[in-house]
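Architecture and fold: a report
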Amino acid sequence: MTGIWLPLTATVLAAALTWWCCVRLMVKNRACHGVQADAGDPELQEELRHAREEVRRLREPATPPAAPAHRPEILDR
């Protein structure tokens, strides 16, 4: 029976630590993810627009250059 006290104590301490560090703050709406950025900030909107444009450009499929190759063409395939 004494072998169960250590895991039980560790579980209770983990639950208490989770409550203290995470759940308590979320209940009070003080968690870091609960903060909303100001949607009316023009500088922030401009940065977001530039970032979205860059992501869109990076996701476009790359096309090979239209320049002809400078090596001889292989005809016997």
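One can find the structure itself at the top, above this paragraph.
Figured I'd write up the structure that's included with this text. (Residues numbered from 1 in each chain as written. Predicted model: local features only at pLDDT ≥ 70, side-chain atom pairs only at ≥ 80, totals over all residues. Heavy atoms only, no water.)

**Here we look at the overall build of the chain**
In terms of helices and strands, the chain carries two helices and zero strands. Residues classed as buried in the chain amount to 4% of the 77 residues present. Total accessible area on the chain is roughly 7,800 Å²; 64% of this is exposed by carbon and sulfur atoms. (Helix = DSSP H or I, 4+ residues; strand = E, 2+ residues; numbered from the N terminus. Buried < 20%, exposed > 50% of the residue type's maximum accessible area, 1.4 Å probe, protein only. Areas by Shrake-Rupley, 256 points an atom, 1.4 Å probe, with all protein chains shown as cover.)

**Side note on the pattern of salt bridges**
This model, assessed by the stated rule, comprises three salt bridges. As a salt-bridge pair, Glu53 and Arg56 come within 2.4 Å of each other at their nearest N and O atoms. Linking Glu53 with Arg56, this pair stays in helix α2 (residues 42-59), spanning three residues, or about one helical turn. Residue class for Glu53 comes out partly exposed when judged on its relative accessible area of 36%. Linked by salt bridges that have partners in common, Glu53, Arg56 and Glu60 make up one network. (Salt bridge = Lys/Arg side-chain N within 4 Å of Asp/Glu carboxyl O.)

**Re a nonpolar patch on the surface**
Taken together, the side chains of Ile4, Trp5, Leu8 and Val12 define a hydrophobic patch exposed on the protein surface, amounting to about 410 Å² of accessible area. Relative to the elements of secondary structure, Ile4 occurs in the segment before α1 (5-27). (Patch = residues over 30% accessible without salt bridge, like charges linked within 9 Å, V, L, I, M, F, W, Y side chains within 5 Å.)

**Some thoughts on the packing of aromatic side chains**
If you walk through the whole model with that rule in mind, you get zero aromatic pairs. In this structure, Arg24 is placed above the aromatic ring of Trp20, and the distance from its NZ or CZ to the ring centre is 3.8 Å. (Phe/Tyr/Trp six-rings, centres within 6.5 Å; stacked < 30°, edge-to-face > 60°. Lys NZ or Arg CZ within 6 Å of the ring centre and 35° of its normal.)

**Notes on α1**
Between the first and last C-alpha of α1 there are 30 Å, a value that for 23 residues agrees with the 33 Å anticipated at 1.5 Å per step. Roughly 45° is the biggest bend found in α1, and it falls at Trp19. (Expected span 1.5 Å × (residues − 1). Bend = angle between axes of the 7 residues up to and from the residue.)

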